[in-house]
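# Tertiary structure, described
Listed here are the chains, written in short residue letters.
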Amino acid sequence: MSVDITGVGLGLRAAFIERVERGEADGKIAFLEVAPENYMHRGGKAPRRLAAIAERFPIISHGLMMSLGSPDPLDDAYFAELRPFLDRVGTPWHSDHLCWSGIDGVLLHDLLPVPFTTASATRIADRVRQAQDRIGRPMAVENVSWYLQLGAPQKDEPDFVVEVLERADCQLMLDVNNIFVNASNHGFDPYDWLRKVPLERVVQLHIAGHDRWEDDLIVDTHGNEVREEVYDMLAWVIERTGPKPVVLERDSDIPPLPTLLEEVARIDGVYQAAVARWQSRQEVARHGS
Ligand SMILES: [Fe+2]
């Protein structure tokens, strides 16, 4: 599979896998993103369906359970299943979150924040390097939404992310909705965040909707349509990075596939306009205005 995947894709979910298999998304998405954990250790229909779908769409994998920030050692059994899965679907890289999801072998099924310290960045970067060796392809780390700080931070989140990226020499799976959620909840400018990270390390983007639970708290539910402000952030990034794969994530209150595909088309409109602006910037840089 070519590593040159760009455009707008969709996170594959059980709620609509059958319709995708029937061809209802053909020509309407550039690729699919899949979570290996939904197919590993499983027989039956799901892996067979995915194999059929992988014949028609490029697949990018996005993991949920590597638990890069956990004090536990990397899970050998997990990697033993993960590597063959990634090889089977032919993903050019694999991403997982800058978080931890368990301790002492207990899985918490949540993406919990890590301390924004050099010790934590160093340890996570070391684990990212180990993970890359084990899976035989590049890793990208994703910025998460977080609601409280674990311990006293030494640095702000973008500085922490930069430290992990540089120490691991890995790629960034940039979730623009997560930055917006954190900026709203913790009171910072999301564009200050974006200006601090090396956009040349962005290999892929996530976009999603969220819900407001209280006046001053929004929660990253992936259960709503993408907000205008988040579209603007996506456009800002693509205008600077050029074409990248962008994934629409939807995990709760999932509408019928045609509705999701309409949202993909809307994202694609914003994306294509941003790519055109990126091309103009390239022209100006080459020839002067
Ligand atoms: Fe995400």
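This write-up is about the structure you can find in this document. Remember, predicted model here, so these are calculated numbers, not experimental data.

### Structural notes on the sheet that holds strand β4 (residues 94-97)
Each strand in a sheet pairs with its neighbour through backbone hydrogen bonds, running either in the same direction (parallel) or in the opposite one (antiparallel). Strand order around the closed barrel formed by eight strands is β1-β2-β3-β4-β7-β8-β9-β12, with parallel pairing between neighbours. Here the strands of the sheet are splayed against their neighbours by 30° on average, with no regard to which way each runs. Pairing of strand β3 (residues 59-62) with β4, which is carried by two bridges, proceeds in the parallel orientation. In the strand pairing of β4, Ser61 is matched with His94. Across the sheet, helix α8 (residues 228-241) is in contact with β8 (171-175), β9 (202-208) and β12 (245-249); its angle to β9 comes to roughly 165°.

### Comments concerning the pairing of β3
In β3, alternate side chains face the same way, and those of Ile59 and Ser61 on one face and Ile60 and His62 on the other are all buried. In terms of strand pairing, strand β2 (residues 32-34) meets β3 through three bridges, oriented parallel. Its bridge partner being in β3, Val34 is matched across the sheet by Ser61. Traced from β3 through helix α3 (residues 76-89) to β4, the parallel crossover comes out right-handed.

### With respect to the packing of helix α6 (residues 176-186) against α8
At a minimum axis distance of 9 Å, the contact between α6 and α8 shows a crossing angle of 125°. In terms of orientation, α6 and α8 fall into the oblique class. Considering how the two elements wind past one another, α6 and α8 form a crossing that is right-handed. Residues Val176, Asn177, Ile179 and Phe180 of α6 touch α8, and the partners they reach there are Glu229, Val230, Met233, Leu234 and Val237. For the contact of α6 with α8, the class distribution of residues is seven nonpolar, one polar and one charged.

### Examining the packing of helix α4 (residues 118-135) against helix α5 (residues 157-168)
Look at α4 against α5: their axes get within 8 Å of each other, and the N-to-C directions meet at 40°. Overall, the two elements α4 and α5 adopt an arrangement that is oblique. Note that α4 runs across α5; the crossing there is right-handed. Across the interface between the two elements, Thr118, Ala121, Thr122, Ile124, Ala125, Val128 and Arg129 of α4 pack against Phe160, Glu163, Val164, Arg167 and Ala168 of α5. Class assignment for the residues of the contact of α4 with α5 results in seven nonpolar, two polar and three charged.

### Regarding the nonpolar core
One broad rule of soluble globular proteins: the nonpolar side chains tend to lie buried together. Counting 76 residues, the largest nonpolar core has Val141, Val164, Val176 and Ile207 as its most contacted members. Here the element with the most residues in this core is helix α9 (residues 257-287); it accounts for seven residues. Once residues within four sequence positions are removed from consideration, Val164 is found in contact with Leu98, Ala121, Ile124, Ala125 and Val141.

### Thoughts on the environment of Tyr231
Within the secondary structure, Tyr231 is located in helix α8. On the neighbour-count criterion, Tyr231 (18 C-beta atoms within 10 Å) is partly exposed. A C-alpha to C-alpha distance of 8.7 Å links Tyr231 and Val176, two positions 55 residues apart in sequence. Once residues lying within four places of it in the same chain are set aside, the contact partners of Tyr231 are Val226 and Val270.

### Details of unusual backbone geometry
Keep in mind that most residues, glycine aside, have a negative phi and that most peptide bonds are trans. With phi around 55°, Ser67 is a residue other than glycine that occupies positive phi space. Position of Ser67 relative to the elements: it lies in the loop between β3 and α3. With a phi close to 50°, Asp253 is a non-glycine residue in the positive phi region.

Cut-offs used in this document
- Residues numbered from 1 in each chain as written.
- Predicted model: local features only at pLDDT ≥ 70, side-chain atom pairs only at ≥ 80, totals over all residues.
- Pairing = 2+ DSSP bridges.
- Helix = DSSP H or I, 4+ residues; strand = E, 2+ residues; numbered from the N terminus.
- Axes fitted to C-alpha atoms, helices over the stretch in contact; angles between N-to-C directions.
- Contact = placed C-beta atoms within 7 Å.
- Buried ≥ 20, exposed ≤ 12 C-beta atoms within 10 Å, placed from the backbone.
- Right-handed = clockwise from strand over helix to strand, strands pointing away.
- Parallel < 35°, antiparallel > 145°, perpendicular 65-115°, else oblique.
- Left-handed = near helix turned anticlockwise from the far one by under 90°.
- Nonpolar A, V, L, I, M, F, W, Y, C, P; charged D, E, K, R; others polar.
- Core = buried A, V, L, I, M, F, W, Y, C linked by C-beta atoms within 7 Å.

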